[in-house]
Amino acid sequence: MIGEKMQEALNKQVEEELYSGYLYLSMSAHFSDSGLPGFANWMRIQAKEEQMHAMKLYDYINERGGKVTLLAIKQPPAEWPTPLKAFEDALGHERYITGLINKLMDLAIAEKDHAANSFLQWFIEEQVEEEATATENVDKLKMVGGDGRGMLMLDREMAQRVFTPRAAGE
Ligand code: FEO
């Protein structure tokens, strides 16, 4: 059985992950509108990953005999002045999410909730990857520095991304 505090915190995290998906989908829409279909593809797949993160939490709450309560998702921004700024925002957002996951782990430890502790381990590792990927994207965009040919190349590279969620223990 899941504790009340943990249930509330995990429900909040479902919302945070759904918002992450909403934010990246908004970035995808923005890139589609800006003539960068590869960037749009990358963000669309990122949004799908976030949906998967939310559903992982959703399933866990149910599995532990808890109750999922969906909260309101706020409206994300719709425009970014440059692709670099969008990816910088994505990195900042991932750092924020890492902080939330760490707080969830703190709660699992404080509550002596070993099942939640074990479950959250996947998210701890996932955030290492999320931040590393976001940093890599920011670095690439900084290197290109808005140069047309470089942007085109990067757009082609981002068009290659496919949805490959990381399984448990990978
Ligand atoms: Fe669900 Fe990008 O962290």
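Preceding this section is the structure that the text describes.
Residues numbered from 1 in each chain as written. Predicted model: local features only at pLDDT ≥ 70, side-chain atom pairs only at ≥ 80, totals over all residues. Heavy atoms only, no water.

Visitor: Sorry if this is basic, but what is going on with helix 3 (residues 83-110) here?
Guide: Between its terminal C-alpha atoms helix 3 stretches 41 Å, which fits the 40 Å expected from 28 residues at 1.5 Å a residue. Just downstream of helix 3, K112 is the residue with a positive phi angle, here 55 degrees. (Helix = DSSP H or I, 4+ residues; strand = E, 2+ residues; numbered from the N terminus. Expected span 1.5 Å × (residues − 1).)

Visitor: What am I meant to see in the packing of helix 2 (residues 37-63) against helix 3 here?
Guide: Contact geometry of helix 2 with helix 3 gives a least axis separation of 13 Å together with a crossing angle of 15 degrees. Relative to helix 3, the element helix 2 is oriented roughly parallel. Read as a crossing pair, helix 2 and helix 3 show a hand that is left-handed. Facing helix 2, whose interface residues are F39, W42, M43, Q46 and E50, helix 3 presents P83, F87, A90 and E94. Residues of the contact of helix 2 with helix 3, tallied by class, amount to 6 nonpolar, 1 polar and 2 charged. (Axes fitted to C-alpha atoms, helices over the stretch in contact; angles between N-to-C directions. Parallel < 35°, antiparallel > 145°, perpendicular 65-115°, else oblique. Left-handed = near helix turned anticlockwise from the far one by under 90°. Contact = heavy atoms within 4.5 Å. Nonpolar A, V, L, I, M, F, W, Y, C, P; charged D, E, K, R; others polar.)

Visitor: What exactly am I supposed to notice about the side chain of N137 here?
Guide: Within the secondary structure, N137 is located in helix 4 (residues 114-144). Setting aside residues no more than four positions away along its own chain, N137 makes contact with W42, F87 and M158.

Visitor: Where do I start with the pattern of salt bridges in this structure?
Guide: Two side chains that carry opposite charge are able to pair once their charged atoms sit near each other. As enumerated under the stated definition, the model contains 8 salt bridges in all. A salt bridge links K5 to E111, with the nearest nitrogen and oxygen atoms 3.9 Å apart. Of this pair, K5 sits in helix 1 (residues 4-33) while E111 sits in the loop between helix 3 and helix 4, and the two are 106 residues apart along the sequence. Among the ionic pairs, K12 bridges to E16, the shortest N-O distance being 3.2 Å. With K12 and E16 both in helix 1 and 4 residues apart, the pair spans about one turn of that helix. Assessed through its relative accessible area of 37%, K12 is described here as partly exposed. Residue E16 is classed as buried on the basis of its relative accessible area of 7%. Overlapping salt bridges bring together K12, E15 and E16 as one network. (Salt bridge = Lys/Arg side-chain N within 4 Å of Asp/Glu carboxyl O. Buried < 20%, exposed > 50% of the residue type's maximum accessible area, 1.4 Å probe, protein only.)

Visitor: Just checking my understanding: could you explain the nonpolar core for this structure?
Guide: In a soluble, globular protein the nonpolar side chains are often hidden away together inside. In this structure, Y24, M27, F31, F39, M43 and F87 are the most contacted members of the largest nonpolar core, which totals 23 residues. Within the residue set of this core, elements represented by two or more residues are helix 1, helix 2, helix 3, helix 4 and helix 5 (148-159). Counting residues in hydrophobic clusters, the runner-up holds 22 residues, among them M52, L100, M105 and L107. (Core = buried A, V, L, I, M, F, W, Y, C linked by side-chain atoms within 4.5 Å.)

Visitor: For this particular structure, what's the right way to read the packing of helix 2 against helix 4?
Guide: In helix packing, the relevant descriptors are the interaxial angle and the interaxial distance, both defined with respect to the helix axes. Taken N-terminus to C-terminus, the directions of helix 2 and helix 4 make an angle of 170 degrees; their axes are 12 Å apart at the nearest point. In terms of their interaxial angle, helix 2 and helix 4 are classed as roughly antiparallel. Facing F39, W42, Q46, E49, E50, M52, H53, K56, L57 and Y60 of helix 2, the residues of helix 4 in contact are A115, A116, F119, W122, F123, E126, E130, T133, N137 and L141. Tallied by class, the residues present in the contact of helix 2 with helix 4 amount to 11 nonpolar, 4 polar and 5 charged.

Visitor: Teacher, can you tell me more about helix 1 here?
Guide: In an α-helix, one turn spans 3.6 residues; hence positions three or four apart end up facing the same way. An ideal rise of 1.5 Å per residue puts 44 Å on 30 residues; helix 1 measures up with 44 Å between its terminal C-alpha atoms. One or two positions beyond helix 1, positive phi appears at G35, with a value near 75 degrees.

Such coordinate-based values are descriptive only and should not be taken to indicate function.
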